[in-house]
Amino acid sequence: MTPEIWALLIAVFLLLLDLAIRATAIIIIPRNRRPTAAMAWLLAVFFIPFIGVFLFLLIGNPRLPRARRRKQDQINEYIAQTSEHLHFGTLRPHAPGWFGPTVEMNQKLGALPLSGDNGAHLISDYQESLDAMAAAIREAKEYVHIEFYILQADVSTDNFFRAMEEVAQRGVEVRVLMDHWANRWKPRYKATVKRLNAMGADWQLMLPVQPLKGKMQRPDLRNHRKLLVVDGKVAFLGSQNVTDSTYNLPKNIKRGLHWVDLMVRLDGPVVLSVNAIFLSDWYSETDEVLEEIDIAHADIGSGNLDCQVVPSGPGFKVENNLRLFLALLYAAKRKIIIVSPYFVPDEALLLAITAAVDRGVHVELFVSEEGDQAMVYHAQRSYYEALLRAEVRIWMYRKPYILHTKSLTIDEEVAVIGSSNMDMRSFGLNLEVSMLVRGEEFISEMRAVEDKYRSLSRELTLEEWMQQPLRSTVLDNLARLTSALQ
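This one's a predicted model, so the numbers in the text were calculated from it and none came from an experiment.

### Examining the overall build of the protein
Thinking step 1. Summing up its helical and strand segments, the protein has 19 helices and 18 strands in all.
Thinking step 2. A total of 486 residues make up the protein; the buried ones form 59% of that total.
Thinking step 3. Looking at the protein alone, contacts between residues at least 24 apart form 83% of all its contacts between residues at least 6 apart.
Thinking step 4. Total accessible area on the protein is roughly 21,300 Å²; 59% of this is exposed by carbon and sulfur atoms.

### A word on the pairing of strand E12 (residues 362-368)
Thinking step 1. Counting buried positions along E12 gives six out of seven residues, so the element sits mostly inside the fold.
Thinking step 2. Sheet topology note: the strand E11 (residues 335-339)/E12 ladder contains five bridges and is parallel. Its bridge partner lying in E12, Lys-335 is registered against His-362.
Thinking step 3. In terms of handedness, the path from E11 via helix H13 (residues 347-358) over to E12 forms a crossover that is right-handed.
Thinking step 4. Bridge count for E12 against strand E13 (residues 393-397) is five bridges, and the pairing is parallel. Residue pairing across strands places Phe-366 opposite Trp-395, the latter belonging to E13.

### Observations regarding the pattern of salt bridges
Thinking step 1. Summed over all chains, the structure comprises 22 salt bridges.
Thinking step 2. In this structure, Glu-165 engages Arg-195 in a salt bridge whose closest nitrogen and oxygen atoms are separated by 2.6 Å. With a gap of 30 residues between them, Glu-165 in helix H7 (residues 158-169) and Arg-195 in helix H9 (residues 189-199) connect regions that are remote in the sequence.
Thinking step 3. Linking Arg-458 and Glu-464 is a salt bridge whose minimum nitrogen-to-oxygen distance equals 3.0 Å.
Thinking step 4. You can call Arg-458 partly exposed: its relative accessible area is 21%.
Thinking step 5. Residue Glu-464 is classed as partly exposed on the basis of its relative accessible area of 30%.
Thinking step 6. One network of salt bridges, with partners in common, ties together Asp-158, Arg-162, Glu-165 and Arg-195.

### Quick notes on the nonpolar core
Thinking step 1. Judged by nonpolar contacts, the single largest core of 48 residues is most densely connected at Val-264, Leu-266, Met-435, Phe-442 and Tyr-453.
Thinking step 2. Top contributing element to this core by residue count: helix H11 (residues 270-286), with nine residues.
Thinking step 3. Beyond its immediate sequence surroundings of up to four residues, Tyr-453 is in contact with Val-260, Asp-261, Leu-262, Val-339, Phe-366, Tyr-397, Leu-403 and Thr-405.

### Considering a nonpolar patch on the surface
Thinking step 1. On the surface, Leu-470, Val-474, Leu-478 and Leu-481 cluster together into a nonpolar patch covering about 410 Å² of accessible area.
Thinking step 2. Looking at where Leu-478 falls in the secondary structure, it is placed in helix H19 (residues 470-482).

### Section: the side chain of Asp-411
Thinking step 1. Here Asp-411 lies in the loop between strand E15 (407-410) and strand E16 (414-418).
Thinking step 2. At 4.1 Å, Arg-334 is the nearest oppositely charged side chain to Asp-411, a buried residue that forms no salt bridge.
Thinking step 3. Polar contacts involving the side chain of Asp-411 include one to the main-chain amide nitrogen of Lys-333, which spans 3.1 Å.
Thinking step 4. Discounting residues that sit within four places of it in the chain, Asp-411 has contacts with Ala-331, Ala-332, Lys-333, Arg-334, Lys-335, Ile-443 and Arg-447.

### Details of the packing of aromatic side chains
Thinking step 1. According to the stated counting rule, one finds 10 aromatic pairs in the structure shown.
Thinking step 2. An aromatic cluster of at least three residues, connected via ring pairs, comprises Phe-148, Phe-160 and Phe-161.
Thinking step 3. One cation-aromatic arrangement involves Arg-438 over Phe-99; the distance from NZ or CZ to the ring centre is 5.7 Å.

### Structural notes on the packing of helix H6 (residues 126-138) against H7
Thinking step 1. In contact at an axis separation of 8 Å, H6 and H7 are set at 5 degrees when each is read in the N-to-C sense. By the angle class used here, H6 and H7 are roughly parallel. Two secondary-structure elements touch here, H6 through Leu-130, Asp-131, Met-133, Ala-134, Ile-137 and Arg-138 and H7 through Asn-159, Phe-160, Arg-162, Ala-163, Met-164, Glu-166 and Val-167.
Thinking step 2. For the contact of H6 with H7, a count of residues per class yields eight nonpolar, one polar and four charged.

### As for the pairing of strand E1 (residues 115-123)
Thinking step 1. Here E1 lies mainly inside the structure; eight of its nine residues are buried.
Thinking step 2. By the bridge criterion, two bridges tie E1 to strand E10 (residues 305-312) in an arrangement that is antiparallel. Each residue of the ladder has a partner; that of Asn-118, found in E10, is Leu-305.
Thinking step 3. As paired strands, E1 and strand E9 (residues 263-267) are joined by five bridges and run antiparallel to one another. Within E9, the residue paired with Gly-119 across the bridge is Asp-267.

### What to know about the environment of Val-234
Thinking step 1. Relative to the helices and strands, Val-234 is located in strand E7 (residues 234-238).
Thinking step 2. Considered as a pair, Val-234 and Arg-265 are 31 residues apart in the sequence and their alpha carbons are 7.3 Å apart.

### A few points about helix H12 (residues 320-331)
Thinking step 1. Helix length check: H12, at 12 residues, gives a terminal C-alpha distance of 17 Å against a target of 16 Å (1.5 Å per residue), a fit within 8%.
Thinking step 2. With nine of 12 residues buried, H12 is to be regarded as a mostly interior element.
Thinking step 3. Among all positions in H12, only Asn-320, Asn-321, Leu-322, Leu-324, Phe-325, Leu-326, Leu-328, Leu-329 and Ala-331 are buried.

### What about the packing of H7 against H9?
Thinking step 1. Packing of H7 against H9 brings their axes to within 9 Å, and their N-to-C directions diverge by 20 degrees. As summarised for this structure, H7 and H9 are arranged roughly parallel, according to the angle between their axes. When H7 is examined against H9, the residues Asp-158, Phe-161, Arg-162, Met-164, Glu-165 and Ala-168 are found in contact with a partner set consisting of Thr-192, Arg-195, Leu-196 and Met-199.
Thinking step 2. Class assignment of the residues belonging to the contact of H7 with H9 gives a composition of five nonpolar, one polar and four charged.

Parameters at a glance
- Numbers given for residues are sequential positions, taken from 1 along each chain in its written order.
- Local features in this predicted model are restricted to residues of pLDDT 70 or higher, and side-chain atom pairs are both shown and tallied only at a pLDDT of 80 or more, whereas totals for entire chains, interfaces and linings draw on every residue.
- Only hydrogens and water are set aside when side-chain values are computed; all heavy atoms of the structure are taken into account.
- Numbered from the N terminus, helices here are DSSP runs of H or I no shorter than four residues, and strands are runs of E no shorter than two.
- Only protein chains enter the accessibility calculation, which uses a 1.4 Å probe. A residue is then buried if its area is under 20% of the maximum for its type, exposed if over 50%, and partly exposed in between.
- Should any heavy atoms of two residues lie within 4.5 Å, those residues are counted as being in contact.
- To be clear on the numbers: accessible area is Shrake-Rupley with a 1.4 Å probe, and residue cover counts the displayed protein chains and nothing else.
- Being paired, for any two strands, means DSSP has found at least two bridges between them.
- Looking down the strands as they point away from the viewer, one classifies a crossover as right-handed if the path from the first strand across the helix to the second runs clockwise.
- Salt bridges are defined by distance alone: a side-chain nitrogen of Lys or Arg within 4 Å of a carboxyl oxygen of Asp or Glu.
- For the purposes of this section, nonpolar cores are sets of buried Ala, Val, Leu, Ile, Met, Phe, Trp, Tyr and Cys residues that join through side-chain atoms within 4.5 Å.
- Distance thresholds for patches are 9 Å for like charges and 5 Å for nonpolar side chains (Val, Leu, Ile, Met, Phe, Trp, Tyr), applied to residues having over 30% relative accessible area and no salt bridge.
- Counting rule for charge: Lys and Arg are taken as positive, Asp and Glu as negative, and neither His nor the chain ends is counted.
- A 3.5 Å cut-off defines polar contacts: any pair of N or O atoms within that distance qualifies, except that in protein one atom must be a possible hydrogen donor and the other a possible acceptor, and neighbouring residues in sequence count only when both atoms are side-chain atoms.
- By convention, a stacked pair of Phe, Tyr or Trp rings (six-membered ring in the case of Trp) has centres within 6.5 Å and planes under 30 degrees apart, an edge-to-face pair has planes over 60 apart, and any other such pair is tilted.
- Both a distance and an angle decide whether a charge sits over a ring: NZ of Lys or CZ of Arg must be within 6 Å of the ring centre and within 35 degrees of the ring normal.
- Axis lines are fitted to C-alpha atoms, over the contacting stretch for helices. Their N-to-C directions set the angle, which ranges from 0 to 180 degrees.
- To sort the angles, those under 35 degrees are grouped as roughly parallel, those over 145 as roughly antiparallel, those from 65 to 115 as roughly perpendicular, and the leftovers as oblique.
- Residue classes follow a fixed rule: Ala, Val, Leu, Ile, Met, Phe, Trp, Tyr, Cys and Pro count as nonpolar, while Asp, Glu, Lys and Arg count as charged, and any other residue, Gly among them, counts as polar.
- Expected helix span is computed as 1.5 Å times (number of residues minus one).

Such coordinate-based values are descriptive only and should not be taken to indicate function.
Structure representation (structure tokens):
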């Protein structure tokens, strides 16, 4: 055949292949996927077919492998059976009508029950929370369970690690979970692993991407949870990682960035629920069932708060955290305050927030003035105009600080605190843990923290926002399109 015919045949083949890819994409991509995410993937495949297909095969599946999801189902069934006939403290009276159905939804999705008689106290100072966790570790007699997205041995965390070393020397079992991808490339990874090994800690990487060891899933799935449990008596949970407030990254140090976080110290029956999260993740990574750890018999705590732990992530069938947030936003009658460093809402969340304002609810959103992740920062900014026009008040925490707290308070009675941002990644790709708290004394602590954040922020106005240069608007809108790729 002549070169012209070969060229024609190749062109016809590529055309047919392109058409086949597009037709297959229309069938496969929208299945069980949000319309916005499906449309974003279809656009990628249609405009850059071969690159788009490669990316879809690499990161297009937002779920964990089937075997891992089966483990989560087994864990949920076990927790449900264990807690079915147990009494987890005395619940506060006079709950609003919507509260019971919301708790029931949370338990149906995440298996964990509501418990009463809990103590919960906030720690908003970064170093103080690290030292408070170290102090709790030093009281351990049986075991310490540590699970953090990022865990680094550095100057700021030295007291935390020394506490681990001290109890390990006494024969206390120290178990550690940390996310593989988030830690493997950090500056202090090798030093941290060396220190864990030296103390005799039993440590594991979460969601490891190790194809040669048969461990593989979508590479950008993360275990983003942050929690600590000591002897099943005391727990900590929140947004802070165990690392210096700069994360020891040269780019952060050069820019002078420091993270601002919020942790909560817990005692009472809810500690068993936090422990159940650790035990489930430990089983998921190791296939080891820690049968000696009791999650059925709870001690009364130092307060009378009602608490419910809500796990979420790609191991579950739906977005447990998003459904919790939506339920609370629609239940609010007077005030909603959202703190989220990465705020990229889907349509349902944006509608819930703007509808609350239309009902006469006062709504405030706290974000950072400066971003540490360019794509998320610009995607977030693309929602500011709609929020400001809806009369949501936006507070920008002044740079060079990154406000990393994740919280939601409703009226004067209910709050959520944990590791979950209000963005697509936290809803669909990250394993997160949130805690629902009912009790005006806890809300008072939350309000004090919010007041402090407000004093350190400046309010963004619609007039100021409309002066944004065109290049910023273009970047924001492009980032918004990519944020839908799940």
